[in-house]
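# Close look at the chain arrangement
Now for the letters of each chain:
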Amino acid sequence: MKIFAVIQMLLVAAITANAAASAADTPYTPAERTAAELRKRGGLPEFYKKLRSGDEVKIAYFGGSITEQNGWRIKSADYFKKRFPNAKIVPIHAAIGGTGSFLGSFRIDRDVLSKSPDLVFVEFAVNDSGLKPEQVRNTMEGIVRKIRKANPETDICFVYTFTEKTLKTIQSGKMYTSEAVMEDVADRYAIPSINMCLEIAKLEKEGKLIMKSPDGAMTAPSGETLDAYAKMPKDARGRIVFSKDGVHPFPNTGHVFYMDALARSFEKLEKMPYRKRAALPAPVSADNYEDAKMIPADSPAISYSDGVKPLDKNNPIAKRFGKKLGTVMEMEAGAKMRFKFRGTTVAFYDIIGPHGCKVDVKIDGKPKGSFKTFDSYCTYARRASNVIALNLPDGEHEVELAVSSEKFDKREILFERNRPDYDKNPEKYASYTFTTAFVMIRGEMRF
């Protein structure tokens, strides 16, 4: 009987593992969703309880460039300060332009959870809109489960922004795909969601608002570079101008509408009776990213060849990102990095910019292609992620990166509007180096 029981237990474990693997491989399409400004679900009970107590309350703003801007993030923190003057509101700025929930699932431990937030706003729908639904589901669920495991009393709120490209979907009364995926996750974990876009879409349809200025174009994915735009509340025909580029709202127009939607929603959430949250449920996906890890680039688990050094503290990149990233390693042409890990996913959290280069990759001794740390926006340095592999067999792997000596045409890659910067400052683009702060894996590093 004991032998039979053991065999039965092993069979169940094998069936469970195969089912999980099969579920992870199965394409996923979210159900079509009707847009609503607020879905309350379980509300924000612990957050409002703490606000009323007059204690210190930490609010994390976790998202992309729209959150990075000095817009709804600043306005909402001010709202809570005025609404609850006895509480000490501590905002945590954890937004990075041009990034989505993939990088978010890795960096949340360092950028958010290490600061013990009471509420985390998550805004990644725009930057996740081009990804496969299963990828969005897995990374967003990983973010949620990491938050809940770090502190079950931390509340979460999904917030949805939009762009000119998704305007028609919203005007049809529907949600675009990445939002619908996030709603599936929100349903599972009773997370409230706020769609800040509906009133704006209505005004545009009525001819009272335009999404961008006539000469507008997206010039940068980084929110911190966008707040210098001149105030431009209305065009010559008296219509409100939402943004310059159809993406990033003006602080005194688009972000005001975003804040109005938040305020209406907060009033309803505040009135909900306190109810203790249920235990953490089983995951929607067995392949969610709650196991995502960041390994510092100066870890002893990583070996380097000659031509690699930590950035000097006086280097402009180190000055700008050192406090946020810690040690940044700089690799010259010909330099190599090697490490071993056991797992399925490997990526890099690095700094791309005018100094960008081409990097060749090998996994388990076989070429795995290459990537460039330079794109059309790279007139300045910014944080980014580069994915090497997502679905490796779950086992031990050896990864090797080599900085290529190939010098590609950076001017040609830049947007035409950015080429004058290259012509004026060619020395800024002369180097070809790889600057990275973290290896990102799902699994365990091998020493």
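All residue numbers here refer to positions counted from 1 along the written sequence of the relevant chain. Totals for whole chains, interfaces and linings use every residue, but because this is a predicted model, local features are given only for residues with pLDDT of at least 70 and side-chain atom pairs only at 80 or more, for both listing and counting. Side-chain descriptors were evaluated using all non-hydrogen atoms of the structure, hydrogens and water having been removed beforehand.

## Structural notes on the side chain of Ser-76
Its location among the elements puts Ser-76 in helix H4 (residues 72-83). Residue exposure (1.4 Å probe, protein chains only): buried if accessible area is under 20% of the type maximum, exposed if over 50%, otherwise partly exposed. Classification of Ser-76 by relative accessible area gives buried; the value is 0%. Any two residues having at least one pair of non-hydrogen atoms within 4.5 Å are treated as being in contact. Filtering out sequence-adjacent residues up to four positions away, Ser-76 remains in contact with Tyr-61, Met-259, Leu-262 and Phe-266. Per the convention used, a helix needs a DSSP run of H or I reaching at least four residues, while a strand needs a run of E reaching at least two, with both numbered from the N terminus.

## Description of the sheet that holds strand E3 (residues 88-95)
Strand order in the open sheet formed by six strands is E1-E6-E5-E4-E2-E3, with mixed pairing between adjacent strands. Every other strand in the sheet has two partners, leaving strand E1 (38-39) and E3 as the edge strands with one partner each. Axis lines are fitted through C-alpha atoms, for helices just across the contact stretch, and the angle between N-to-C directions can take any value from 0 to 180 degrees. Each of E1, strand E5 (155-160) and strand E6 (193-195) is contacted by helix H8 (residues 177-189), which is oriented at about 160 degrees to E5, the strand it contacts most. Between any two strands, at least two bridges found by DSSP are needed for them to pair.

## Some details on the side chain of Arg-73
With respect to the secondary-structure elements, Arg-73 resides in helix H4. Two N or O atoms form a polar contact when they lie within 3.5 Å of each other; inside protein one atom must be a possible hydrogen donor and the other a possible acceptor, and for residues adjacent in sequence the pair counts only when both atoms belong to side chains. A polar contact of 3.0 Å, which involves the side chain of Arg-73, links it to the backbone oxygen of Glu-68. A polar atom in the side chain of Arg-73 sits 3.3 Å from the backbone oxygen of Gln-69.

## Here we look at the pattern of salt bridges
Any carboxyl oxygen of Asp or Glu within 4 Å of a side-chain nitrogen of Lys or Arg constitutes a salt bridge here. By the definition in use, this model includes 30 salt bridges. Between Glu-206 and Lys-202 there is a salt bridge; the shortest N-O distance is 2.9 Å. According to the relative accessible area criterion, Lys-202 is partly exposed, its value standing at 43%. The residue Arg-442 makes a salt bridge to Asp-287 at a minimum N-O spacing of 3.2 Å. On the criterion of sequence distance, the pair formed by Arg-442 in strand E18 (residues 434-446) and Asp-287 in the loop between helix H10 (254-270) and strand E9 (292-296) is long-range, its members being 155 residues apart. Overall, the relative accessible area of 5% leaves Arg-442 in the buried class.

## Considering the pairing of strand E2 (residues 56-63)
Counting buried positions along E2 gives six out of eight residues, so the element sits mostly inside the fold. For E2 and E3, the ladder comprises eight bridges, and the chain directions are parallel. The residue of E3 that forms the bridge with Lys-58 is Val-90. When E2 meets strand E4 (residues 119-123), the two strands line up parallel, connected through five bridges. Residue Ala-60 lies in a different strand from E4, and its bridge partner there is Val-120.

## What about the nonpolar core?
Counting residues in each nonpolar core, the largest one holds 71 residues, and the members touching the most others are Phe-80, Phe-121, Phe-158, Phe-162 and Phe-266. Looking at which element gives the most residues to this core, the answer is H10, with eight residues. For Phe-80, the residues in contact, after removing those within four places along its chain, are Phe-47, Tyr-48, Leu-51, Ile-59, Ile-89, Phe-121 and Phe-266. Membership of the second largest hydrophobic core comes to 36 residues, among which are Ile-295, Cys-378, Val-399 and Phe-434. Note on terminology: a nonpolar core comprises buried Ala, Val, Leu, Ile, Met, Phe, Trp, Tyr and Cys residues joined through side-chain atoms within 4.5 Å.

## Notes on helix H2 (residues 45-53)
Every buried residue of H2 is listed here: Pro-45, Glu-46, Phe-47, Tyr-48 and Leu-51. Contact partners of the buried residues in H2: E2, H4, E3, E4, E5 and H10. Positioned one or two residues after H2, Gly-54 has a phi angle of 85 degrees, which is positive.

## Quick look at the packing of aromatic side chains
Any pair of Phe, Tyr and Trp rings, taking the six-membered ring for Trp, is counted once the centres come within 6.5 Å. Such a pair is stacked with planes under 30 degrees apart, edge-to-face with planes over 60 apart, and tilted for the rest. Under the criterion given, the structure shown has 26 aromatic pairs. An angle of 70 degrees between the planes, with centres 5.9 Å apart, marks the rings of Phe-102 and Tyr-289 as edge-to-face. Remark: Tyr-289 occurs in the loop between H10 and E9 and Phe-102 occurs in helix H5 (residues 101-111); sequence separation between them is 187 residues. Given a relative accessible area of 9%, Phe-102 falls into the buried group. We classify Tyr-289 as buried; its relative accessible area is 2%. Relative to Tyr-432, the ring of Phe-408 has its centre 5.3 Å away and its plane inclined at 90 degrees; by these criteria the two rings are edge-to-face. Residue Phe-408 is found in the loop between strand E17 (395-403) and helix H12 (410-413), and its partner Tyr-432 is found in the loop between helix H13 (419-424) and E18; the two are separated by 24 residues along the sequence. Residues Phe-408 and Tyr-432 agree in their burial class; the two are buried.

## Topic: the packing of H4 against H10
H10 packs onto H4 with a crossing angle of 40 degrees between their chain directions and a minimal axis gap of 9 Å. Between H4 and H10, the crossing angle belongs to the class labelled oblique. Between H4 and H10 the crossing geometry is right-handed. Every residue of H10 that contacts H4 at Trp-72, Lys-75, Ser-76, Tyr-79, Phe-80 and Arg-83 is listed here: His-255, Val-256, Tyr-258, Met-259, Leu-262, Ala-263, Phe-266, Glu-267 and Glu-270. Each angle receives one of four descriptions, namely roughly parallel if under 35 degrees, roughly antiparallel if over 145, roughly perpendicular if within 65 to 115, and oblique otherwise. The sense of a crossing depends on the near helix, which, turned anticlockwise from the far helix by less than a right angle, makes the crossing left-handed and, turned clockwise, makes it right-handed.

## Looking at the packing of helix H6 (residues 133-150) against H8
Two elements in contact, H6 and H8, have axes whose closest approach is 9 Å; the angle formed by their N-to-C orientations is 35 degrees. Handedness of the H6/H8 crossing: right-handed. From H6, Pro-133, Val-136, Arg-137, Met-140, Glu-141, Val-144, Arg-145 and Arg-148 reach across to H8, where they touch Thr-177, Ser-178, Val-181, Met-182, Val-185 and Tyr-189. Of the residues belonging to the contact of H6 with H8, the class tally is eight nonpolar, two polar and four charged. Residues were grouped as follows: Ala, Val, Leu, Ile, Met, Phe, Trp, Tyr, Cys and Pro as nonpolar; Asp, Glu, Lys and Arg as charged; and all remaining residues, including Gly, as polar.

So yeah, pure geometry; function would need other evidence.
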